Amino acid sequence: MNILVLNCGSATLKFQLIATDLDLISQNADRRFVRGSIERIGGEAIITSQLEGHAVQRSTAPLRDTRAAVDFIIRWLCSPDANLAEVRAIADIHAVGHRVVHGGEFFKHSVLIDEEVLRGIEDCIDLAPLHNPANLKGILAARELFGVGLPQVAVFDTAFHQTLPETAYLYALPYPLYRRYRIRRYGFHGTSHRYVAYRYRQLCNMERVATNIITLHLGNGCSAAAIRAGNSIDTSMGFTPLEGLVMGTRSGDLDPAIVDWLAAKEGLSAREVETLLNKQSGLLGISGLTNDMRDLLDEARENNDRRARLAIELFCYRIRKYIGAYLAAMNGADAVVFTGGIGENSPEVRTTICAGLEWLGLHLDAERNAAQTNGREGVISTTDSHLAAYVIPTDEELLIARDTARCVAGVSLERRS
Ligand code: ADP
């Protein structure tokens, strides 16, 4: 079946068209026809698309809202412009899979969207006020344009981490606050952690219950997950995606007393401090230059910029600490798996992260490490490493498409990863 995968943000929409079904999944033979994005929705939007095996195309169009953007995608997919042999009319799109950021404690796996699911996603708006409304708009737009009969599936960023034990998800706040407001660690990037854990299992030809790994999603946003017996048992992002690792513009972990102190010193509101922690901190904040790791590495290499080097060191040090913490939490692991734009492409950052972990039995193989870039997957540690290291490019859209196919086929997703 042809599945349209939608990831709707407030002014941006990413999409892919993927053909998959239970047979194709079992043969690992899914096909991706097209990927693209629409930015600056609300004005003259910028549309970028890439048909499989072709160059990237760019165009612009006035698109006033999410509905107009989804409408644009559907029309384009069916048009001679796209020239897709598999999609000639709207009826050739058989289901829609949506990335939904927050599923709270309601959603522990992907689900077919009905009225109750819509209400559940709405109930989580309080927890993700920027993201869930945009995701809902995408669902409602698709429902209006395709009709209520077309199956739509919600795949939640939080769902994979719903297996965290209480000790890992509770903050040591007064317990009634958890009951009253559901303040707890939810974790994000769940689809990515789940996908790379699944690929790791395939690469190593092992059972789900035998999967004991630490996954590191290092992109603009960064998070680590401790996966024991195939389940996420701890993860670095928390109640919001601000906690944990140092990220492009987010601070990650810090002493919460800093918020009030900074507000008083700088005359900022709590909201302004939150913005500072989310948008002006992390790699950007430390370097004073950029949130982009590639540029920072260039700056450190070419100009030996002190703060660029410091930002990279801090970034790697925080990750190393989390690896240590998770090895303790999960009673040891078999591998550390790198993914995300930085994790997949930077041998240098991977080397810095793993430096000093030799005592654990993690030895990077310089040649293997250097070879794993640009979407290649494989092992990067030496054969005799006690703790292996892998690079596995993430593919959240593929997992969303597959979950959509499984939900439509009525397969239970309760125990699946
Ligand atoms: P997002 O989290 O928005 O999906 P990505 O996963 O694409 O982002 O990751 C973006 C990050 O990956 C940026 O910091 C970028 O500089 C970094 N990156 C991409 N390619 C490289 C590379 N070759 N070397 C180092 N960092 C890279």
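Refer to the structure above for everything that follows.
No experiment lies behind these values; they were computed from the predicted model shown. Along each chain, numbering runs from 1 in the same order as the chain's sequence is written. Since the coordinates come from a predicted model, pLDDT governs what is reported: local features require at least 70, and pairs of side-chain atoms require 80 or more to be given and counted, while whole-chain, interface and lining totals use all residues. Each side-chain value is worked out from all heavy atoms of the structure, with water and hydrogens disregarded.

1. Thoughts on helix 4 (residues 132-146)
Inference 1: The terminal C-alpha atoms of helix 4 lie 21 Å apart, and with 15 residues this matches the ideal 21 Å at 1.5 Å per residue to within 8%.
Inference 2: In what follows, residue pairs with any heavy atoms lying within 4.5 Å of each other are defined as contacts. The secondary structure listing takes helices from DSSP runs of H or I that are at least 4 residues long and strands from runs of E that are at least 2 residues long, numbered from the N terminus. Among the structural elements, strand 1 (2-8), helix 2 (66-78), strand 6 (95-100), helix 3 (115-123) and strand 8 (152-156) are those in contact with the buried residues of helix 4.
Inference 3: In the segment just after helix 4, Gly147 is the residue with positive phi, at about 95 degrees. Multiplying one less than the number of residues by 1.5 Å gives the expected span of a helix.

2. With respect to the site of the ligand
Inference 1: If even one non-hydrogen atom of a residue comes within 4 Å of a molecule or strand, that residue is called near it. Contacts to the ligand come from 13 residues, most closely from Asn220, Asp292, Met293, Arg294 and Gly341.
Inference 2: One nitrogen or oxygen atom from the main chain of Met293 is found 3.0 Å from an oxygen atom belonging to the ligand.
Inference 3: Computed with the Shrake-Rupley method and a 1.4 Å probe, the accessible areas treat only the protein chains shown as cover for residues. If the ligand stood free it would expose 580 Å²; the protein chains cover 70% of that surface.
Inference 4: Contributing elements (two or more residues each) for the shell around the ligand: helix 11 (293-303) and helix 13 (340-345).
Inference 5: Considering each element in turn, the shell around the ligand owes the most residues, 4 residues, to helix 13.
Inference 6: Following the grouping adopted for this structure description, the nonpolar residues are Ala, Val, Leu, Ile, Met, Phe, Trp, Tyr, Cys and Pro, the charged ones are Asp, Glu, Lys and Arg, and the polar ones are all others, Gly among them. Of the residues that constitute the shell around the ligand, the class distribution is 3 nonpolar, 8 polar and 2 charged. Pairing of N or O atoms within 3.5 Å defines a polar contact, subject to two protein rules: one partner must be a possible hydrogen donor and the other a possible acceptor, and residues neighboring in sequence count only if both atoms are side-chain atoms.

3. Here we look at helix 16 (residues 396-408)
Inference 1: The terminal C-alpha atoms of helix 16 lie 18 Å apart, and with 13 residues this matches the ideal 18 Å at 1.5 Å per residue to within 8%.
Inference 2: Here the term buried applies to any residue with accessible area under 20% of the maximum for its type, exposed to any over 50%, and partly exposed to those in between, with areas from a 1.4 Å probe on protein chains only. A large share of helix 16 lies buried, amounting to 11 of its 13 residues.
Inference 3: Where helix 16 is concerned, the buried positions are Glu396, Leu398, Leu399, Ile400, Ala401, Arg402, Asp403, Thr404, Ala405, Arg406 and Cys407.
Inference 4: Note on helix 16: the residue one or two positions beyond its end, Gly410, has a positive phi of about 80 degrees.

4. Section: the sheet that holds strand 6
Inference 1: Reading across from one edge, 5-4-3-2-1-6-8-7 is the order of the 8 strands in this open sheet, with mixed pairing throughout. Looking at strand neighbours, the two that pair on one side only are strand 5 (56-62) and strand 7 (111-112), the edges of this open sheet.
Inference 2: Relative to strand 4 (residues 44-51), strand 3 (residues 31-39) runs antiparallel, the two being bridged by 6 bridges. Paired with Arg35 across the strands is Gln50, a residue of strand 4.
Inference 3: Sheet strands in contact with helix 2 are strand 1, strand 2 (13-19), strand 3, strand 4 and strand 5, and its direction is about 35 degrees off that of strand 2. The pairing criterion is simple: DSSP has to find at least two bridges between the two strands. Each axis is a line fitted through C-alpha atoms, taken for helices only over the stretch in contact, and angles between the N-to-C directions span 0 to 180 degrees.

5. Brief notes about the nonpolar core
Taken as a class, soluble globular proteins show a tendency for nonpolar side chains to be buried jointly.
Inference 1: One finds Leu216, Leu218, Phe315, Ile323 and Phe338 to be the most contacted residues of the largest nonpolar core, which totals 42 residues.
Inference 2: Looking at this core, the elements with two or more residues in it are strand 9 (213-218), strand 10 (222-228), helix 11, helix 12 (306-329), strand 12 (335-339), helix 14 (347-354) and strand 14 (388-391).
Inference 3: Considering every element that reaches this core, the biggest residue donor is helix 12, with 10 residues.
Inference 4: When neighbours within four sequence positions are excluded, Phe338 is seen to be in contact with Leu216, Leu218, Gly343, Arg350, Ile353, Cys354, Ile380, Ala389, Tyr390, Val391 and Ile392.
Inference 5: Grouped together as the second largest cluster of nonpolar side chains are 34 residues, Ala19, Ile41, Leu51 and Cys78 included. Note on terminology: a nonpolar core comprises buried Ala, Val, Leu, Ile, Met, Phe, Trp, Tyr and Cys residues joined through side-chain atoms within 4.5 Å.

6. A closer look at the pairing of strand 4
Inference 1: Hairpin connection from strand 3 to strand 4: 4 residues lie between these consecutive antiparallel strands, with Arg40 at a positive phi of about 60 degrees.
Inference 2: Here strand 4 folds back onto strand 5 in antiparallel fashion, the turn holding 4 residues, of which Gly53 has a positive phi close to 80 degrees.

7. What to know about the packing of helix 7 (residues 190-204) against helix 16
Inference 1: Running from N to C, helix 7 and helix 16 cross one another at 85 degrees; their axes reach a closest spacing of 9 Å. By the angle between their directions, the pair helix 7 and helix 16 is classed as roughly perpendicular. For the pair formed by helix 7 and helix 16, the contact residues are Thr191, Ser192, Arg194, Tyr195 and Tyr198 on the first element and Glu396, Leu398, Leu399, Ile400, Arg402, Asp403 and Arg406 on the second.
Inference 2: Tallied by class, the residues present in the contact of helix 7 with helix 16 amount to 5 nonpolar, 2 polar and 5 charged. Should an angle lie under 35 degrees it is considered roughly parallel, over 145 roughly antiparallel, and from 65 to 115 roughly perpendicular; all remaining angles are considered oblique.

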